[in-house]
Amino acid sequence: MIDTKALLKKYEPTKDVKVIPADPQIRGARFSPCGQLLVGGSYEGRVRRWKFEDQAELPPLAGHHGWVDGVAFRAEGELLFTADSWGEIRCWSGYAADAPAVKWQLDAAHDGWIRELALSPDGKLLASCGSDKSVRIWSAEEGEKQHELAGYGQDILRTCWLPDGTLLTGDDRGIVKHWKLDGTLIRQFDASVLYMVSRLQDVGGVHALATDREGKLLAAAGTTPSGGGTVQGIPTILLFDVASGKELHKLSLGVQNDCYVHEVHFHDEGFLSAVTSGTPGQGQFLYVAPEEKTPFFNKKLPNCLCLSWHPDGSRVAVLTTNPGSNGNGRPLDKDGKYKTNQSPIQIFKIAGEPVT
């Protein structure tokens, strides 16, 4: 059993919080491998970057045409990979420079929205997945296609690598599949409680995937939906044994209007950190032990959409939205402009000494 009291003493966020306004709203906030930058994609087709220490914003990277959803890094060569809702992938060299160069780009890597990018453990391959029901694997160095997992049958929302170089994918119907890169299906995991049809629309799916360092445990997360329209559902994490595909535990993290787990992370000390967002403006940043039913830390924040740990473990960044961020029927301001939502990036200092 995990000693959650000791973990809370060590990892509880302190009151020393830095906030980056991120106006207008962005779609992610991730620490670079060097720990010097926070990087997020935007709805405006830009990639935005902030210096971690003083929160100064570097010049944004332009060129994408759609929402920038996918962001991944490779420390070697300071490579930044970004992908958008139009199906384009770009590789930028020197992500901490004022003007990183485009090393390569694929204008039509996918037919439509790329939902996630994931770099292989050895840094040689980049996996992408999206709404064209395919997974494609590219050379990280050159951008050449190496493999394709096609004919999947469903939109693929998430992908992540296991330490042995095999790949996991999670779809919009709540099914997780484990693949060899040659297209051989090793096994699949039933997370279909994360999906339902309501009011003639699909609701739910696998909104987060993560594994522990050894690749023995898999977390598939989203919501256990109870209705469509304005989605209602309980944030849910399902834990599986990777080797057998057996479901080990179900974590229900809130009530009906807390809705979605948007990100989950396995800490090396055995606990899970996660963020949720719901309606109207609900959100949670929490820690939970895999075998427990309730979190041992839970901080309420508005609409938490992304979670990123600093590489040294001393900080954690949580992307939120501004209170009252619905936006429906919002009037123009006195200058005749529409006031967009903001995405305050809340950077928490961790109480104890990080584990190295």
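This text follows the structure it describes.
Owing to the predicted nature of the structure, the values given are computational and were not obtained by experimental measurement. (Residues numbered from 1 in each chain as written. Predicted model: local features only at pLDDT ≥ 70, side-chain atom pairs only at ≥ 80, totals over all residues. Heavy atoms only, no water.)

Engineer: So what's going on with the overall build of the protein? Residues and values would help.
Structural biologist: A count of helical and extended segments in the protein gives one helix and 30 strands. Its C-alpha atoms give the protein a radius of gyration of 19 Å, within 12% of the compact-globule value 21 Å for 356 residues. Taken across its 356 residues, the protein has 54% of its residues classed as buried. Partitioning the contacts of the protein with sequence separation of at least 6, the portion at a separation of at least 24 is 48%. Accessible surface computed for the protein: about 15,500 Å², of which carbon and sulfur atoms make up 49%. (Helix = DSSP H or I, 4+ residues; strand = E, 2+ residues; numbered from the N terminus. Rg over C-alpha atoms; globule rule 2.2 N^0.38 Å. Buried < 20%, exposed > 50% of the residue type's maximum accessible area, 1.4 Å probe, protein only. Contact = heavy atoms within 4.5 Å. Areas by Shrake-Rupley, 256 points an atom, 1.4 Å probe, with all protein chains shown as cover.)

Engineer: I'd like a rundown of the pairing of strand β23 (residues 247-252), residues and numbers included.
Structural biologist: Bridge count for strand β22 (residues 232-241) against β23 is five bridges, and the pairing is antiparallel. Each residue of the ladder has a partner; that of T236, found in β23, is S252. Here β22 folds back onto β23, and the loop between the two strands holds five residues, one of which, G245, carries a positive phi near 85 degrees. (Pairing = 2+ DSSP bridges.)

Engineer: Can you break down the packing of aromatic side chains residue by residue, with the values?
Structural biologist: Taken as a whole, this structure holds 16 aromatic pairs when the rule is applied. Ring plane angle 85 degrees and centroid distance 5.7 Å describe the contact between W67 and W113, whose orientation is recorded as edge-to-face. Residue W67 is found in the loop between β5 (57-61) and β6 (68-74), and its partner W113 is found in the loop between β9 (101-106) and β10 (114-119); the two are separated by 46 residues along the sequence. The class for W67 is partly exposed, based on a relative accessible area of 36%. Exposure remark for W113: the relative accessible area of 24% places this residue in the partly exposed category. Look at F271 and Y287: their rings are 5.0 Å apart centre to centre, the planes differ by 55 degrees, and that puts the pair in the tilted class. Of this pair, F271 sits in the loop between β24 (260-266) and β25 (272-277) while Y287 sits in strand β26 (residues 283-288), and the two are 16 residues apart along the sequence. With relative accessibility at 0%, the residue Y287 sits in the buried group. In this structure an aromatic cluster arises from ring pairing among Y11, F271, F285, Y287, F296, F297, W309 and F348. Between K18 and the ring centre of F52, over which it is positioned, the NZ or CZ distance is 5.7 Å. (Phe/Tyr/Trp six-rings, centres within 6.5 Å; stacked < 30°, edge-to-face > 60°. Lys NZ or Arg CZ within 6 Å of the ring centre and 35° of its normal.)

Engineer: Can you tell me about the side chain of D258, naming the residues and giving the values?
Structural biologist: Of note, D258 is situated in the loop between β23 and β24. Buried charge without a partner: D258 forms no salt bridge, and the closest opposite charge is K300, 4.9 Å away. Polar contacts involving the side chain of D258 include one to the main-chain amide nitrogen of V255, which spans 2.8 Å. Apart from residues lying up to four places away in sequence, D258 is in contact with G233, P235, L253, T276, S277, G278, Q282 and Q284. (Lys, Arg positive; Asp, Glu negative; His and termini not counted. Salt bridge = Lys/Arg side-chain N within 4 Å of Asp/Glu carboxyl O. Polar contact = N/O pair within 3.5 Å; in protein donor to acceptor, adjacent residues only side chain to side chain.)

Engineer: Provide a residue-level description of the sheet that holds β22, including the pertinent values.
Structural biologist: Spatial ordering of the open sheet is given by β20-β21-β22-β23, a layout of four strands whose pairing is antiparallel. For this open sheet the edge positions go to β20 (208-211) and β23, each flanked by a neighbour on one side alone. The mean angle between the axes of side-by-side strands here comes to 25 degrees, regardless of whether they run parallel or antiparallel. (Axes fitted to C-alpha atoms, helices over the stretch in contact; angles between N-to-C directions.)

Engineer: Report on the side chain of Q346, specifying residues and quantitative values.
Structural biologist: Here Q346 shows up in strand β30 (residues 345-350). With relative accessibility at 15%, the residue Q346 sits in the buried group. When neighbours within four sequence positions are excluded, Q346 is seen to be in contact with V17, K18, V19, L301, V316, A317, V318 and T320.

Engineer: Residues and numbers for the sheet that holds β24, please.
Structural biologist: An order of β24-β25-β26-β27 is seen for the four strands of this open sheet, with the pairing classed as antiparallel. Every other strand in the sheet has two partners, leaving β24 and β27 (297-300) as the edge strands with one partner each. Within the sheet, the average angular offset between the axes of one strand and its neighbour, ignoring direction, is 15 degrees. The pairing of β26 with β27 spans four bridges and is classified as antiparallel.

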